[in-house]
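# Fold and contact review
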Amino acid sequence: MNIKINHIFLCICLLCFQCSFAQHRLTNSFKVIPLGIKGGLDESNLSAYMIAPAKSENYICADAGTIRHGLDVAISGDALKGNAGDILKNNIKGYLISHGHLDHVAGLIMNSPEDAPKNIYALPSVINVLKEKYFTWMAWANFTNEGDAPHLDKYKYVYLKEGELVQLSGTEMQLTTYPLSHGPSYQSTAFLISHNENRLLYLGDTGSDTLEKSNDLQQLWKQVAPIIKANQLKAIFIETSFFDKQPDKLLFGHLTPRLLMQELDKLAKLTGVGALKQVSIVITHMKYFGSDEQELIEELKKDNHLGLKLVFPVQGKVMLF
Ligand SMILES: [Zn+2]
Ligand SMILES: [Zn+2]
């Protein structure tokens with residue numbers, strides 16, 4: 001009898017140990033709140049993703065197409081607590097801007113009068129667009145620390161360099177930056193965000209290497225392959241703007257399901273399919289709505305011959321990785 005009780009006790013102990021081990025392994029590394037997910041048309045739902053370590057409220061915002069309406073949606077769905085103005089000022093610690101197209105910066109510009117001082121992180125070519133086209137006193141008041149005088153000095157431009165590790169001020173995260181090609185001689189950006197040993201990769205708009213006559217994606221894949229093999233990359237945010245039937249000459253530096261899978265095939269060659277299957281592939285920047293959007297999702301699933309983990313973000317809904 002005694003032996004039996006001991007045995008049961010041992011089993012319970014083992015079970016507890018296994019549970020806590022599994023829990024530890026399953027602990028989320030990043031929390032993402034999409035403030036906007038679309039690639040155009042609907043001005044209330046354009047690319048912007050709040051990203052923080054899972055247990056932190058100190059976010060960086062990757063792209064800033066829609067801010068205020070996204071915060072309102074997140075608050076009404078209990079993804080965020082408080083009011084939009086306070087969260088904008090206190091919890092978004094800075095912006096990572098992938099490129100200067102309006103669908104990635106409109107929310108930042110429109111909310112700038114109410115915002116608190118913070119950094120705008122971008123490649124020099126992207127900062128030039130903000131400086132010379134938007135914060136000019138002609139298009140909008142200059143809330144930044146450079147460009148057309150007077151400078152209101154609310155936002156500080158932080159010039160990123162390819163491959164350089166940068167601390168994201170006010171957060172527990174670091175950033176490494178890589179260039180992307182988004183149409184002829186137009187630069188976009190990939191942001192590799194790190195927290196401890198974990199990583200999340202956010203790509204701004206990008207075309208495929210073949211059509212862009214570029215090797216930016218191949219270079220990026222080379223950089224992240226070892227991280228994927230080490231099981232440290234939790235998610236890749238990457239665009240799919242158009243259907244497969246979109247003619248090449250009308251892609252304007254964007255991806256289709258077929259082109260996305262071609263690029264991910266190249267990544268899988270470097271990492272092995274098994275390792276890449278552990279990474280969530282978050283599909284951003286779809287340009288369709290309603291039944292067309294559903295059709296694009298079906299096309300992505302059909303073209304996903306490697307069986308990768310495709311994830312579709314929803315405005316205002318927390319994603320954990
Ligand atoms: Zn865009
Ligand atoms: Zn764009």
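Up top is the structure.
Reading guide: rules and limits
Residues numbered from 1 in each chain as written. Chains lettered and ligands numbered in written order. Predicted model: local features only at pLDDT ≥ 70, side-chain atom pairs only at ≥ 80, totals over all residues. Heavy atoms only, no water. Donors = N, O, S within 2.8 Å, 3.2 Å for Na, K, Ca; no water. Tetrahedral: all angles 85-135°; square planar, octahedral: opposite > 155°, others 65-115°. Helix = DSSP H or I, 4+ residues; strand = E, 2+ residues; numbered from the N terminus. Buried < 20%, exposed > 50% of the residue type's maximum accessible area, 1.4 Å probe, protein only. Salt bridge = Lys/Arg side-chain N within 4 Å of Asp/Glu carboxyl O. Pairing = 2+ DSSP bridges. Contact = heavy atoms within 4.5 Å.

## Concerning the coordination of the zinc ion (ligand 1)
The coordination sphere of the zinc ion (ligand 1) contains the protein donors Asp 103 (OD), His 104 (NE2), Asp 205 (OD) and His 285 (NE2), at a distance range of 2.1 to 2.2 Å. In this structure, the zinc ion (ligand 1) is coordinated by four donor atoms arranged in irregular fashion, with angles at the metal of 89 to 173 degrees. Mapped onto the sequence, the donors of the zinc ion (ligand 1) take the spacing D-H-x100-D-x79-H. For the pair the zinc ion (ligand 1) and the zinc ion (ligand 2), the metal-to-metal distance amounts to 3.3 Å, and Asp 205 bridges them. Pair noted here: Asp 205 is in the loop between strand 10 (198-203) and helix 6 (209-212) and His 285 is in the loop between strand 12 (280-284) and helix 10 (290-303), with a separation of 80 residues, a long-range link.

## So, the coordination of the zinc ion (ligand 2)
Looking at the metal site, the zinc ion (ligand 2) is ligated by His 99 (NE2), His 101 (ND1), His 182 (NE2) and Asp 205 (OD), spaced 2.2 to 2.4 Å from it. Of note is the zinc ion (ligand 2), whose four donor atoms meet at the metal with angles of 87 to 171 degrees in an arrangement that counts as irregular. Within one chain, the residues serving as donors to the zinc ion (ligand 2) are arranged as H-x1-H-x80-H-x22-D. Taking relative accessible area as the criterion, Asp 205 reaches 2% and is therefore assigned buried.

## Observations regarding the pattern of salt bridges
Side chains that carry opposite charge are capable of pairing whenever their charged atoms lie near each other. Within this structure, the stated rule accounts for seven salt bridges. Taking the shortest distance from any N to any O, the salt bridge between Lys 302 and Asp 303 comes out at 3.6 Å. Taking relative accessible area as the criterion, Lys 302 reaches 62% and is therefore assigned exposed. Among the residues examined, Asp 303 registers a relative accessible area of 14% and is labelled buried.

## A closer look at the pairing of strand 9 (residues 187-195)
Counting buried positions along strand 9 gives eight out of nine residues, so the element sits mostly inside the fold. When strand 8 (residues 174-181) meets strand 9, the two strands line up antiparallel, connected through eight bridges. Each bridged residue has a counterpart across the sheet, and for Ser 181 the counterpart in strand 9 is Gln 187. From the end of strand 8 to the start of strand 9, which pair antiparallel, there are five residues, and Gly 183 there has a positive phi angle of about 90 degrees. Taken together, the six bridges between strand 9 and strand 10 define a ladder with antiparallel strand orientation. Counted as the bridge partner of Phe 191 is Tyr 202 from strand 10. The hairpin formed by strand 9 and strand 10 contains two residues between the paired strands, and Asn 196 there has a positive phi angle of roughly 50 degrees.

## Comments concerning the environment of Ala 268
Along the chain, Ala 268 turns up in helix 8 (residues 257-271). Residue classification places Ala 268 among the buried residues on the basis of a relative accessible area of 8%. With 34 residues separating them in the primary sequence, Ala 268 and Lys 234 have C-alpha atoms 15 Å apart. Beyond its immediate sequence surroundings of up to four residues, Ala 268 is in contact with Val 273, Leu 276 and Leu 306.

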